[in-house]
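Read off the chains here:
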Amino acid sequence: MTRFLQWSDLHREFAKDGSPVPFPMPTSACSPGSIDAILIAGDLDHAKRHVDSLAEIHEVWKVPVVSIFGNHEPYGMSEQEARDQVATDLLDARQRGLDLHILDRDELVIGDTRILGATLWTDFNILGDQEVMMFGAQHLINDYRKVRSAPGSSECQTPW
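What you see is a predicted model, and the numbers here were worked out from it, not measured in a lab.

Peer 1: Mind showing me how you'd approach the side chain of Asp43 here?
Peer 2: Checked against the element boundaries, Asp43 lands in the loop between strand E2 (37–40) and helix H1 (47–61). For the buried Asp43, which has no salt bridge, the nearest side chain bearing the opposite charge is Arg83, at an N-O separation of 12 Å. With residues near it in sequence (within four places) discarded, Asp43 still touches Asp9, Leu10, His11, Glu13, Gly70, Asn71, His72 and Glu73.

This is the structure:
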């Protein structure tokens, strides 16, 4: 059976530049040799530092680090720009020998475990009044002020 440490919502994007990634360190009860990989289920860091944050974790734990692209990674840019940024950075990290993976509508098999990774957004129909929910989201959820609608655009994405 494949053994994972699973974390999510570490939110380094809110920390000052140069702050370390806020992740659990190995202990005698949970050492790098006692796990097969680390799975980070979204919202680790913004795209510009995402791979660097994964690399910090990999350097400490010495196991494959798998990240699922969250809704905060594209803050300050479009989703496409964020995907392009992490793809470029990930290629560089792999060329340096780091065992890092970022899943974005993708899958990865480690040992006997298949991991499916995708960013999930809101189902505005869940409470029955889609238009009201979309209006509320537009005004209350930061994602609609922080994520651009398209590469190079100054407009933010909308629930619509």
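Peer 1: Mind showing me how you'd approach the packing of aromatic side chains here?
Peer 2: Given two aromatic rings, their pairing is described by the distance between the two centres and the angle made by the two planes. Inspection of every chain in the model, using the stated rule, returns two aromatic pairs. Aromatic side chains Trp7 and Phe23 sit 5.9 Å apart centroid to centroid with 25° between the ring planes, which places their arrangement in the stacked category. Placement of the pair is Trp7 in strand E1 (residues 4–7) and Phe23 in the loop between E1 and E2, with a sequence separation of 16 residues. The same class applies to Trp7 and to Phe23, which are both buried. Aromatic pair Trp7 and Trp61: ring centres 6.3 Å apart, planes at 65°, arrangement edge-to-face. With a gap of 54 residues between them, Trp7 in strand E1 and Trp61 in helix H1 connect regions that are remote in the sequence. The two residues Trp7 and Trp61 agree in class, both being buried. Through pairs of rings, three or more aromatic residues link up here, namely Trp7, Phe23 and Trp61.

Peer 1: Explain the pairing of E1 here, please?
Peer 2: Within a regular beta strand, the side chains point alternately toward one face of the sheet and then the other, so they alternate between its two faces. Burial along E1 is one-sided: Leu5 and Trp7 are buried, while Phe4 and Gln6, pointing the other way, are not. Where E1 lies against E2, four bridges are found, and the strand directions are parallel. Across the sheet, residue Trp7 finds its bridge partner in E2, namely Ile40.

Peer 1: Teacher, can you tell me more about the sheet that holds E2 here?
Peer 2: The pairing of strands in a sheet comes from backbone hydrogen bonds and takes either a parallel or an antiparallel form. Reading across from one edge, E1-E2-E3-E4 is the order of the four strands in this open sheet, with parallel pairing throughout. Because the sheet does not close on itself, it has two edges, and the strands there are E1 and strand E4 (100–103). Put simply, the sheet's adjacent strands are angled 15° from each other on average, direction ignored. Of the pairings in the sheet, the one linking E2 to strand E3 (residues 65–68) comprises three bridges and is parallel in character.

Peer 1: I'm lost on the packing of H1 against helix H2 (residues 79–95) in this one. Help?
Peer 2: Between H1 and H2, the shortest axis-to-axis distance is 8 Å and the interhelical angle comes to 30°. Of the possible angle classes, the one that applies to H1 and H2 is roughly parallel. H2 is crossed by H1, and the crossing has right-handed handedness. The residues of H2 that touch H1, namely those facing Ala47, Lys48, His50 and Val51, are Ala82, Gln85, Val86, Asp89, Leu90 and Ala93.

Peer 1: Please explain the nonpolar core as it appears in this structure.
Peer 2: Residues Trp7, Ile38, Ile40, Ile57, Trp61 and Leu100 are the most contacted members of the largest nonpolar core, which totals 27 residues. Secondary structure elements with two or more residues in this core: E1, E2, H1, H2 and E4. The leading source of residues in this core is H1, at six residues. Residues within four places of Trp61 in sequence aside, it is in contact with Leu5, Trp7, Phe23, Pro24, Met25, Pro26, Cys30, Ser31, Pro32, Ile35 and Ile38. Ranked by size, the runner-up nonpolar core spans eight residues in total, among them Ala37, Ile68, Leu103 and Ile115.

Peer 1: Just to check I follow, could you spell out the pattern of salt bridges for this structure?
Peer 2: Think of it this way: side chains of opposite charge can pair up when their charged atoms draw near. Under the definition given, this model contains ten salt bridges. The closest approach of N and O atoms between Asp92 and Arg96, which form a salt bridge, is 2.7 Å. Judged by relative accessible area, Asp92 falls into the partly exposed class, the value being 37%. Within the structure, one salt-bridge network assembled from shared partners comprises Arg12, Asp45, Arg49 and Glu56.

The rules we used
- Residues numbered from 1 in each chain as written.
- Predicted model: local features only at pLDDT ≥ 70, side-chain atom pairs only at ≥ 80, totals over all residues.
- Heavy atoms only, no water.
- Helix = DSSP H or I, 4+ residues; strand = E, 2+ residues; numbered from the N terminus.
- Buried < 20%, exposed > 50% of the residue type's maximum accessible area, 1.4 Å probe, protein only.
- Lys, Arg positive; Asp, Glu negative; His and termini not counted.
- Salt bridge = Lys/Arg side-chain N within 4 Å of Asp/Glu carboxyl O.
- Contact = heavy atoms within 4.5 Å.
- Phe/Tyr/Trp six-rings, centres within 6.5 Å; stacked < 30°, edge-to-face > 60°.
- Pairing = 2+ DSSP bridges.
- Axes fitted to C-alpha atoms, helices over the stretch in contact; angles between N-to-C directions.
- Parallel < 35°, antiparallel > 145°, perpendicular 65-115°, else oblique.
- Left-handed = near helix turned anticlockwise from the far one by under 90°.
- Core = buried A, V, L, I, M, F, W, Y, C linked by side-chain atoms within 4.5 Å.

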